[in-house]
Amino acid sequence: MPAPRIRRAAAPCACARPDVLADRPDGTVVRHGDVVAKSHAPDTDVPALSARIAVAADPLLAGILLPPLRVPAARGALTTLLHGRPLSLWPYGRPVDPEDPDSAPWEDAGALLARLHAVPPGALPGPLPPMRGPAKAARAVARMGAAGPHQATASVLRAWARLPTWARDEAPASPTHPTNLTHPATPASRPAALCHGDLHLGQLVRHPAPDGTWLLIDVDDMGLGDPAWDLARPAAWYAAGLLASEVWDRFLGSYRAAGGPAVCGDGDPWPELDVPARALTVQTAALALAKSAAENRPLDEVEEMVIEACGRIAALPPEFGFETTS
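One numbering rule holds for all chains: residues counted from 1, following each sequence as written. This being a predicted model, a pLDDT of at least 70 is required before a residue's local features are given, and a value of 80 or more before pairs of side-chain atoms are given or counted; all residues contribute to the totals for chains, interfaces and linings. The basis for every side-chain value is the complete set of non-hydrogen atoms in the structure, without hydrogens or water.

On to the pairing of strand β2 (residues 27–32). With a 1.4 Å probe rolled over the protein chains alone, any residue whose accessible area is under 20% of its type maximum counts as buried; one over 50% counts as exposed, and the rest are partly exposed. Secondary structure is summarised from DSSP: a helix means a run of H or I of at least four residues, a strand means a run of E of at least two, and numbering begins at the N terminus for each. Counting buried positions along β2 yields five of six residues, so the element is predominantly enclosed. The criterion for strand pairing is that DSSP finds at least two bridges linking the strands in question. Bridging between strand β1 (residues 19–24) and β2 involves five bridges; their strand directions are antiparallel. Note on β2: the bridge partner recorded for Asp-23 is Thr-28. Summarising the sheet, β2 and strand β3 (residues 35–40) pair through six bridges and their orientation is antiparallel. Of the residues in β3, the one forming a bridge with Arg-31 is Val-36. Hairpin connection of β2 to β3: two residues between the antiparallel strands, including Gly-33 at a positive phi of 65°.

What follows is the structure, given as structure tokens:
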């Protein structure tokens, strides 16, 4: 799609042309000076997206989420339509440097998540949609199926089938669902929290750039749900051997120190994390198979490790499985 035309009322921008930061089926992101425009997916639920962006603009989220900018061409609204797709504007923030993994802000990510999960949902603009984490996992599995057969597909599907229905987006996502058969159920007294829905290091930026505080970005999947889902990707990487134990401890320790409600304050966090971590393992493996097929290439080492983790999940005895009903 054509890059959106962005103009500021201040002095003319010195950049020669907009910089395309991302161009995927689920969104195109373009930077022009200190403004970033995001053209969201064509099938976006516009009312739900509007509710999510309104939350990002709420003062209660100051210092947690990057706040959106008003769209001048839409009379100051937070979103508009461009070529049939929702468009939102955001201030530019400096992302995590992928070439410097030692400086990755794991402690900041944990503390920001804890603060996000502590925001009272009833105090925010609403009604809030559900967190889209399970929906993204289900979409990844469907994308894998559409990519054609692969020798690893069967074990990924077996691991997927072992998850409870809420984690497969076949029932409402709720933190009151049982976790697994070897651990006690998640406490029913824990209410649904405001969740990011797609937490990874690419969802943090420094604002103001280049050295401002770290903030969370990308609210497309944000909503109410089980806060453990936001810890699931790092937990899955740790369980698969892709994240060093000391890094995992820093992230989890920071989350706990900030009072995050997704896991107990000390001791074993896996009763709460087991289901979401397994779901994210399946999601990552399914996307790896789909992408390798689309690019006509073999799986890389990291993708192989995630698929091997799915094989271990699929091979677990029944007593380590999950209830498959809501």
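This next bit is on the nonpolar core. Among the nonpolar cores identified, the biggest contains 75 residues, and Leu-61, Leu-65, Leu-194, Leu-216 and Leu-231 are the most heavily contacted of them. Here the element with the most residues in this core is helix α7 (residues 270–294); it accounts for 11 residues. Here, the term nonpolar core denotes a set of buried Ala, Val, Leu, Ile, Met, Phe, Trp, Tyr and Cys residues that are joined through side-chain atoms within 4.5 Å. Counting residues in each nonpolar core, the second largest holds six residues, with Val-35, Ala-37, Val-71 and Ala-74 among its members.

With that settled, consider α7. In this scheme, a helix's expected span is set at 1.5 Å multiplied by one less than its residue total. For α7, built from 25 residues, the straight-helix expectation of 36 Å at 1.5 Å per residue is met to within 8% by its first-to-last C-alpha distance of 34 Å. α7 sits mainly inside the fold: 20 of its 25 residues count as buried. Phi turns positive, to about 50°, at Asn-296, one or two residues after α7.

Take empty space enclosed by the protein next. A 1.4 Å probe that fits into a set of points on a 1 Å grid over the protein atoms alone but cannot get out defines a cavity; an open set with protein on both sides within 12 Å along at least five of seven lines defines a pocket, and lining residues are those with an atom within 4 Å of a point. Grid points are joined across faces, edges and corners, and a volume is the space filled by probe spheres set on the points. With the rule as written, the count across this model stands at three cavities of 30 Å³ or more. Here the largest cavity defines a volume of roughly 70 Å³. Along its surface, the largest cavity is lined by Gly-133, Lys-136, Gly-197, Asp-198, Leu-199, Trp-229, Asp-230, Ala-232, Arg-233, Leu-280 and Gln-283. Elements that contribute at least two residues to the lining of the largest cavity include exactly α3 (133–146), α5 (232–240) and α7. Under the convention adopted here, Pro, Cys and the residues Ala, Val, Leu, Ile, Met, Phe, Trp and Tyr are nonpolar, Asp, Glu, Lys and Arg are charged, and Gly plus all remaining residues are polar. Among the residues forming the lining of the largest cavity, the class breakdown is four nonpolar, three polar and four charged.

Any two of the Phe, Tyr and Trp rings considered here, Trp counted by its six-membered ring, make a pair once their centres fall within 6.5 Å; the pair's planes then place it as stacked at under 30 degrees, edge-to-face at over 60, or tilted in between. Applying the stated criterion across every chain yields a total of seven aromatic pairs. An angle of 10° between the planes, with centres 5.5 Å apart, marks the rings of Tyr-238 and Trp-248 as stacked. Of the two residues, Tyr-238 sits in helix α5 while Trp-248 sits in helix α6 (residues 245–257), which places them 10 residues apart along the sequence. You can call Trp-248 buried: its relative accessible area is 2%. Over the face of the ring belonging to Tyr-92 we find Arg-31, whose NZ or CZ atom lies 3.6 Å from the ring centre. We call a charge positioned over a ring when the NZ of a Lys or the CZ of an Arg lies within 6 Å of the ring centre and within 35 degrees of the ring normal.

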